[in-house]
Amino acid sequence: MSVIYLLVSALCVLALSYRYYSAFIAAKVLMLDDRNIPPAVSCNDGKDYVPTNKWVVFGHHFAAIAGAGPLIGPTLAAQYGWGPGFFWILLGSVFAGCVHDMIILFASVRHRGQSLSVIAKKDVSRLTGVTTAFVTLFIIIVALSGLAVAVTNALYNNPWGVFTIGMTIPIAMVVGVYMFKIRPGAILSGSVFGVIAVLAAVYFGAPVAESSLAGWFTFSKVNLSIMLPVYGFCAAALPVWLLLAPRDYLSTYLKIAVIGVLALGLFMVNPTVKMPFVTGFIEGGGPIIPGPVWPYVFITIACGAISGFHALIGSGTTPKMLEKESQIRLVGYGAMLTEAFVGLMALLAAVTLVPNDYFAINTSAAAFAKLNMPVKDLPELCRLVGLDVTHRPGGAISLAVGMAHIFSSMGEGLRHTMKYWFQFIIMFEALFILTTIDAGTRVARYILQDILGNLYAPLKKTDWAPGVVLTSGTVSFAWGYILYTGDISTIWPMFGVTNQTLAALALAIGTTIILRIASNKLYAIVTAAPCLVMAVTTFAAGFMNIKLYLSKGMMLNAVLSAVIIVLVSIIIVDNIRVWITLLKTEKPVGMNDERGRIYCPAVSAHAPDDLPLA
């Protein structure tokens, strides 16, 4: 079957959902209104709260949420065939992921850019607020280690890739100084310089890798496992305008351009889908993912359809940058749709590989030997990319090979450029992940400051340098330790379950918010329905993971997984208790009940809950 049929049908569904479903949520459910003053304006401090152009915010938000998940997850899920992943990404993003992102971003804007745990405390109860703080802090640490492991697998012993990625840091800082300090608002000229500089970094990576300087950029997995947390610490401690915003902005449009070119390449090359609709591994026992298609395809595609990690970004950095409330639709719903498209492109690139070659890349040598599958095109592909890509599990390498193969097939004479395309895609993937590490470490720092601030008040201040350094260092060390001591097989399953469990938690809180503000209580079904689906699915996967960990003697993983399930169960039950009370009220309660349901976010960080429901 031609890939074009799948590509066109997916684009139509995504476009229609943004045009109609997101407009319905914005107008009827959330009642967005630009007369409200967003926290970026009312709390502008020039550091964390900074009014920013909507396209820069879109770029930052998309880059922060679109980490390894929409690239690696769909690639790994191709083990089950192209069908399960394709339909879950398409339907899950429209009816679950985009709604999830939009409602949490809305709630944080209405609460002066405060975190998910603070929102939970004010709109549900103190118990849910405290529990959410600990759950999200743990989940984000596991998520960051899960995303970082993909970078180490792609960049170890790869000086070309390390040089290119390393250069994006000073490039982003130069663009940040230029766009925010030298010529504020100079979006076009700053963007042109940044894009040209990044492309130059890819091009000059080849001669650097072949020169005597290669040793400076050649690192082992252990080296990278130390360097990445150090980078995360610096990114979390620096002002948002210096590295976070310009790097995310540049990488976003680079990512969108690459995915656009991939879509164009699929049209031009018109490859066929070589992976069947479903494989023989749907019942379980696969060489990449051991569990059955349900629930494991839902947790393997950790971000392409829905991701709880997005709630941390939507209640972390992004709400502190929006200039107008109406931009919540573009940034919240639109960015998630874009990520879904990225996930679909990654899946389609993977399923155009010969299945035997796909499994040879994504499994260990021992696991692949048991499959008795002779490789077909892989030796030639290794020669063309200039790197032995066999047995590099994690999804990043197979995606890079698939995309480079499509790009190099777009015209006569491009075959010899495949190694450049391959390294470009490695850089492209690493940028996805590192921008998430940027924002994720910063968000975890905010949460830890909120928690520790109850013990020592100055730690709550986001502009107090000692507190920023202490919390940034603590968070970076925590996820760095998991990265240093683990691997893809121990980190990714836990990351998938905890990430999607957080999504169920956020949807439960979102349902409470809609019941508070909506003129029609039935509107709450837009979050309640996906909340139910995700809760059942992730709890099932969590219990399966616990059994797997216990069978392998991995007690720490088993205990941590069990603790997450228990804590999230408490949060969901507490939300249901509040739902029952709110369903008995006739008028909106909180946020939209003043000024004819127009809310001005003038609530202090320590204000009491909107509605005492204890």
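Quick caveat, the model's predicted, so the values are computed rather than measured.

### A look at the overall build of the chain
Here comes step 1: The number of helices and strands found in the chain is 23 helices and 0 strands.
Here comes step 2: Among the 614 residues that make up the chain, the fraction classed as buried is 63%.
Here comes step 3: Long-range contacts, defined here as pairs at least 24 residues apart, represent 84% of the contacts in the chain between residues at least 6 apart.
Here comes step 4: Here the chain has roughly 21700 Å² of accessible surface; of this, 69% comes from carbon and sulfur atoms.

### Quick notes on the nonpolar core
Here comes step 1: Leu-30, Ile-140, Tyr-333, Met-345, Val-389, Phe-422 and Trp-479 are the most contacted members of the largest nonpolar core, which totals 191 residues.
Here comes step 2: The residues touching Ile-140, leaving out its near neighbours within four places in the chain, are Phe-309, Leu-312, Gly-440, Val-443 and Ala-444.

### Describing the pattern of salt bridges
Here comes step 1: By the definition in use, this model includes 4 salt bridges.
Here comes step 2: With its nearest N and O atoms 2.8 Å apart, the salt bridge here joins Arg-35 to Asp-33.
Here comes step 3: Note that Arg-110 is salt-bridged to Glu-325, the shortest N-O span being 2.8 Å. Placement of the pair is Arg-110 in helix α5 (residues 82–110) and Glu-325 in the loop between α13 (309–314) and α14 (327–351), with a sequence separation of 215 residues. Residue Arg-110 shares its accessibility class with Glu-325, and that shared class is buried.

### Structural notes on the packing of helix α3 (residues 54–65) against α14
Here comes step 1: One can describe the packing of α3 onto α14 by two numbers: an axis separation of 9 Å at closest approach and a directional angle of 45°. On the basis of their axis angle, the class for α3 and α14 is oblique. Pair α3 / α14 crosses with right-handed handedness. The segment α3 lies against α14, with Lys-54, Trp-55, Val-57, Phe-58, His-61, Phe-62 and Ile-65 engaging Gln-327, Leu-330, Val-331, Gly-334, Ala-335, Met-336, Thr-338, Glu-339 and Val-342.
Here comes step 2: Per-class residue counts for the contact of α3 with α14 are 10 nonpolar, 4 polar and 2 charged.

### Here we look at the packing of helix α1 (residues 3–29) against α14
Here comes step 1: The interhelical angle for the contact between α1 and α14, taken along N-to-C directions, is 165°, at an axis separation of 11 Å. The angle between α1 and α14 falls in the class roughly antiparallel. Between α1 and α14 the crossing geometry is right-handed.
Here comes step 2: Looking at the contact of α1 with α14, its residues break down into 19 nonpolar, 3 polar and 2 charged.

### Describing the packing of aromatic side chains
Here comes step 1: This model, assessed by the stated rule, comprises 16 aromatic pairs.
Here comes step 2: Taking the centre distance of 5.9 Å and the plane angle of 75° together, the rings of Trp-82 and Phe-86 count as edge-to-face. Of the two residues, Trp-82 and Phe-86 are both situated in helix α5; the distance of 4 residues between them amounts to about one turn of the helix.
Here comes step 3: For Trp-82, a relative accessible area of 11% translates into the label buried.
Here comes step 4: For the ring pair Phe-163 and Phe-217, a centre distance of 5.3 Å and an interplane angle of 90° mean the geometry is edge-to-face. In this pair, Phe-163 is assigned in helix α8 (residues 159–182) and Phe-217 in the loop between α9 (187–209) and α10 (221–237), connecting sequence segments 54 residues apart.
Here comes step 5: Classification of Phe-163 as buried rests on a relative accessible area of 13%.
Here comes step 6: Classification of Phe-217 as partly exposed rests on a relative accessible area of 21%.
Here comes step 7: Connected via pairs of aromatic rings, a cluster forms that spans Tyr-21, Phe-24, Phe-95 and Tyr-523.
Here comes step 8: Looking at Arg-19, its charged tip hangs above the ring of Tyr-20, at a distance of 4.8 Å from the centre.

### Some thoughts on helix α17 (residues 378–385)
Here comes step 1: Residues Leu-378, Leu-381, Cys-382, Leu-384 and Val-385 constitute the buried set of α17. The buried residues of α17 occupy an angular sector of 165° when projected down its axis, which confines them to one face. Residues of α17 that are exposed and point more than 90 degrees away from the buried face comprise Pro-379 and Arg-383.
Here comes step 2: In the stretch just after α17, Gly-386 is the one whose phi turns positive, near 75°.

### Description of unusual backbone geometry
Here comes step 1: In the segment running from Trp-294 into Pro-295, the intervening peptide bond is cis, with an omega of 10°.
Here comes step 2: With respect to the helices, strands and loops of the structure, Pro-295 is situated in helix α12 (residues 293–300).
Here comes step 3: The backbone of Arg-112 shows a phi angle near 60°, a positive value even though the residue is not glycine.
Here comes step 4: Positive phi values are uncommon outside glycine, yet Asn-372 reaches one of about 55°.
Here comes step 5: Topologically, Asn-372 is positioned in the loop between α16 (365–371) and α17.
Here comes step 6: According to the relative accessible area criterion, Asn-372 is exposed, its value standing at 68%.

### Some points on the confidence of the model for the chain
Here comes step 1: Summary statistics for the chain give a mean pLDDT of 80 and a share of 89% for residues scoring 70 or more.
Here comes step 2: Of all secondary-structure elements in the chain, the lowest mean pLDDT belongs to helix α11 (residues 244–269), at 71, while α5 reaches the highest, 93.

The rules behind each value
Residues numbered from 1 in each chain as written. Predicted model: local features only at pLDDT ≥ 70, side-chain atom pairs only at ≥ 80, totals over all residues. Heavy atoms only, no water. Helix = DSSP H or I, 4+ residues; strand = E, 2+ residues; numbered from the N terminus. Buried < 20%, exposed > 50% of the residue type's maximum accessible area, 1.4 Å probe, protein only. Contact = heavy atoms within 4.5 Å. Areas by Shrake-Rupley, 256 points an atom, 1.4 Å probe, with all protein chains shown as cover. Core = buried A, V, L, I, M, F, W, Y, C linked by side-chain atoms within 4.5 Å. Salt bridge = Lys/Arg side-chain N within 4 Å of Asp/Glu carboxyl O. Axes fitted to C-alpha atoms, helices over the stretch in contact; angles between N-to-C directions. Parallel < 35°, antiparallel > 145°, perpendicular 65-115°, else oblique. Left-handed = near helix turned anticlockwise from the far one by under 90°. Nonpolar A, V, L, I, M, F, W, Y, C, P; charged D, E, K, R; others polar. Phe/Tyr/Trp six-rings, centres within 6.5 Å; stacked < 30°, edge-to-face > 60°. Lys NZ or Arg CZ within 6 Å of the ring centre and 35° of its normal. Arc of directions from axis to C-beta. pLDDT = per-residue confidence, 0-100.

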